[in-house]
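# A structural walkthrough
Each chain is listed here by its residues.
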Amino acid sequence: MPAVLIASDSPSVIDSVRSVVDEAGTRVQTVFSGRAVLAAVQASMPDLVVLDLQIGSMGGIAVCHDLRLEEGAGRLERVPVLMLLDRRPDVFLAKRSGADGWLLKPLDPLRLRRAVQSLLSGGSYEDPTRAPTGLGSPTLG
């Protein structure tokens, strides 16, 4: 039975992720602040952490760094992290923080399901979608 920790202060993001991962046999836990993630991971050791980029005073990038530092110090086992990003330039930060996968919002249920399945099976996931372009603006990514 996989366990997934969702970290976001946005009810719509939590509902979107929960609707994809909340299947029979999946244990879903939710925290509403970045500061609560490390304690929740230490207490329940989930199979996957889904982090929203912006979570109050400690965002997803800082949380992912914190998890990776704890792992590096031997105080925590490695847990895969899926980062939910606001814009294409945030990909660089997600990669540098040690995230195992990333998705651009707004969330698409099919891409989210693929990302979750990939990370739960030990893989990684990079969102294949391209940011929309406007008149005169370059495509990023």
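The paragraphs below set out a description of the structure included in this document. Please read all numbers here as calculations on a predicted model, not as lab measurements.

The next subject is the overall build of the protein chain. Of the regular secondary structure elements, the protein chain holds five helices and six strands. Ordering the α and β elements of the protein chain from the N terminus gives β-α-β-α-β-α-β-α-β-α-β. In terms of overall size, the protein chain behaves like a compact globule, its C-alpha atoms giving a radius of gyration of 15 Å where 141 residues would be expected to give roughly 14 Å. Considered along the principal axes of its C-alpha atoms, the protein chain spans approximately 50 × 35 × 30 Å. Each of the 141 residues in the protein chain was classed as buried or not, and the buried ones make up 46%. Pairs at least 24 residues apart make up 55% of the contacts formed inside the protein chain by residues separated by at least 6 positions. Accessible surface computed for the protein chain: about 7200 Å², of which carbon and sulfur atoms make up 54%. A gap of 5 Å separates the mean positions of the 15 positive and 16 negative side-chain charges of the protein chain.

Our next topic: the side chain of Thr26. By the secondary structure assignment, Thr26 is in the loop between helix H1 (11-21) and strand E2 (27-31). With relative accessibility at 15%, the residue Thr26 sits in the buried group. Within the structure, Thr26 has its side chain in polar contact with the backbone oxygen of Val21 (distance 3.4 Å). Discounting chain neighbours no more than four positions away, the residues touching Thr26 are Met1, Pro2, Val4 and Val21.

Another aspect to go through is the pairing of E2. Taken together, the five bridges between strand E1 (residues 3-7) and E2 define a ladder with parallel strand orientation. Note on E2: the bridge partner recorded for Ala3 is Arg27.

Within the secondary structure layout, Asp86 lies in the loop between strand E4 (81-85) and helix H4 (90-97). Between the alpha carbons of Asp86 and Lys105 there is a distance of 5.5 Å; along the sequence they are 19 residues apart. Non-local contacts of Asp86, meaning those with residues more than four positions away in its chain, are made with Leu53, Gln54, Leu104 and Lys105. A polar atom in the side chain of Asp86 sits 2.8 Å from the side chain of Gln54. A distance of 2.8 Å separates the side chain of Asp86 from the side chain of Lys105, its partner in a polar contact.

The rules behind the values
- Residues numbered from 1 in each chain as written.
- Predicted model: local features only at pLDDT ≥ 70, side-chain atom pairs only at ≥ 80, totals over all residues.
- Heavy atoms only, no water.
- Helix = DSSP H or I, 4+ residues; strand = E, 2+ residues; numbered from the N terminus.
- Rg over C-alpha atoms; globule rule 2.2 N^0.38 Å.
- Buried < 20%, exposed > 50% of the residue type's maximum accessible area, 1.4 Å probe, protein only.
- Contact = heavy atoms within 4.5 Å.
- Areas by Shrake-Rupley, 256 points an atom, 1.4 Å probe, with all protein chains shown as cover.
- Lys, Arg positive; Asp, Glu negative; His and termini not counted.
- Charge placed at Lys NZ, Arg CZ, Asp CG, Glu CD.
- Polar contact = N/O pair within 3.5 Å; in protein donor to acceptor, adjacent residues only side chain to side chain.
- Pairing = 2+ DSSP bridges.

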